[in-house]
Amino acid sequence: MRADNALTSEYLLIYPVDSARILEQLSAEHAAAFFDELPVKTSAGIMTAMTPNKTMLCLKAMPVQKAAKLMTELPVTYTVRIYRLMPVAVRDEIFSQLSERSKKHIRRYLKYPSTTAGALLDPVVDMLPADVTVAGAIRAVERFRSVAGCDIYIVDESQRLVGMIEIGKLLKSSHHLMLKDIMFRKTRSISAFAKADRLLKHPGWTVRRQLPVVDRDN
């Protein structure tokens, strides 16, 4: 299988999960050499579908700069799972090559045991301050890096969760009102230290598709 073959490239993009199963059967060194010939985003898409241990061995077999670049493209929750599996010397070397932003995201997860909500959460959260008008909030949403989800969380000046608002209600509300006056104050949050085996039993799932994860001071 040659990475520069047009059919191979198309297959890798369309079937990343099947590609992952094939590459998992190769030695870490051969898989790493193959990934080295691919665009970083293509490699990241396939690696995300691989088992964490196989991905870890591939990254370990790569030059440290290449491994760091790939880890930056992986979902941060998956990156942390790989990071926990790596030998200390290897992960420290790769960690030194990451951007400060990536390091900050990884450290945030490493604060929590691997079996807790804090280690599983999605760090990209739509948030707005409570002391802003609806008009200001809509302008802020337009500047979000990605498309806003259905729920936007409201925080105070200390970044503590104080409420939430649905995007539909935000768009329909009078522009002069403050978010703190129209937000839902009952957020049904999950503790970052909640054990993973208890998450599915949380009553909040009966009314919401996603739930906020908070630490001890909310």
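So, how was this worked out
Residues numbered from 1 in each chain as written. Predicted model: local features only at pLDDT ≥ 70, side-chain atom pairs only at ≥ 80, totals over all residues. Heavy atoms only, no water. Pairing = 2+ DSSP bridges. Helix = DSSP H or I, 4+ residues; strand = E, 2+ residues; numbered from the N terminus. Axes fitted to C-alpha atoms, helices over the stretch in contact; angles between N-to-C directions. Salt bridge = Lys/Arg side-chain N within 4 Å of Asp/Glu carboxyl O. Core = buried A, V, L, I, M, F, W, Y, C linked by side-chain atoms within 4.5 Å. Buried < 20%, exposed > 50% of the residue type's maximum accessible area, 1.4 Å probe, protein only. Contact = heavy atoms within 4.5 Å. Phe/Tyr/Trp six-rings, centres within 6.5 Å; stacked < 30°, edge-to-face > 60°. Lys NZ or Arg CZ within 6 Å of the ring centre and 35° of its normal.

What follows concerns the pairing of strand S3 (residues 161-166). A regular strand places its side chains on the two faces of the sheet in alternate fashion. Taken together, the 5 bridges between strand S2 (residues 151-155) and S3 define a ladder with antiparallel strand orientation. Within S3, the residue paired with Asp 151 across the bridge is Glu 166. Here S2 folds back onto S3 in antiparallel fashion, the turn holding 5 residues, of which Gln 159 has a positive phi close to 65°.

As a further point, take the sheet that holds S3. As summarised here, the arrangement of the 3 strands in space is S1-S2-S3, forming an open sheet in which the pairing is mixed. Of all the strands in the sheet, the pair left with one neighbour each is strand S1 (127-129) and S3. Taking each pair of neighbouring strands and ignoring which way they run, the sheet shows an average axis angle of 35°.

The final tally for this structure, using the stated rule, is 7 salt bridges. A salt bridge links Glu 100 to Lys 103, with the nearest nitrogen and oxygen atoms 3.5 Å apart. One end of the pair, Glu 100, and the other, Lys 103, are both in helix H9 (residues 100-110), 3 residues apart, so they sit about a helical turn from each other. Ionic pairing is found between Lys 180 and Asp 131, a salt bridge with its closest N-O pair at 3.0 Å. Of this pair, Lys 180 sits in helix H12 (residues 179-182) while Asp 131 is found in the loop between S1 and helix H10 (134-142), placing the two residues 49 residues apart along the sequence. Put simply, Asp 151, Glu 166 and Arg 208 are held in one network by salt bridges that share partners.

Now for the environment of Arg 145. If you trace the backbone, Arg 145 turns up in the loop between H10 and S2. Along the sequence, Arg 145 and Asp 126 sit 19 residues apart, while their C-alpha atoms lie 9.9 Å from each other.

Counting residues in hydrophobic clusters, the biggest one holds 36 residues, and the most contacted among them are Phe 35, Met 47 and Leu 59. At the level of secondary structure, the elements contributing two or more residues to this core comprise helix H2 (16-23), helix H3 (28-36), helix H4 (40-47), helix H5 (52-60), helix H6 (64-73), helix H7 (76-85), helix H8 (88-95) and H9. If sequence neighbours within four positions are ignored, Met 47 has contacts with Phe 35, Thr 55, Cys 58, Leu 59, Met 62, Leu 70, Leu 74 and Tyr 78. Grouped together as the second largest cluster of nonpolar side chains are 15 residues, Ala 130, Val 134, Ile 165 and Ile 182 included.

Once that is clear, we can look at the packing of aromatic side chains. The geometry of two aromatic rings is summed up by the distance between their centres and the angle between their planes. By the definition in use, this model includes 3 aromatic pairs. Taking 5.6 Å as the distance between ring centres and 55° as the angle between the ring planes, the aromatic pair formed by Tyr 83 and Phe 95 counts as tilted. In this pair, Tyr 83 is assigned in helix H7 and Phe 95 in helix H8, connecting sequence segments 12 residues apart. Comparing Tyr 83 with Phe 95 shows no difference in burial state: the two are buried. Measuring from centroid to centroid gives 5.1 Å for Tyr 112 and Phe 193, while their planes differ by 70°, and the two rings are edge-to-face. Taken together, the positions of Tyr 112 in the loop between H9 and S1 and Phe 193 in the loop between strand S4 (190-191) and helix H13 (196-199) put the pair 81 residues apart, joining distant regions of the chain. Its relative accessible area of 8% is what places Tyr 112 among the buried residues. For Phe 193, a relative accessible area of 32% puts it in the partly exposed group. Over the face of the ring belonging to Phe 184 we find Lys 169, whose NZ or CZ atom lies 4.7 Å from the ring centre. A cation over an aromatic ring shows up here: Arg 216 above the ring of Phe 193, its NZ or CZ 4.0 Å from the ring centre.

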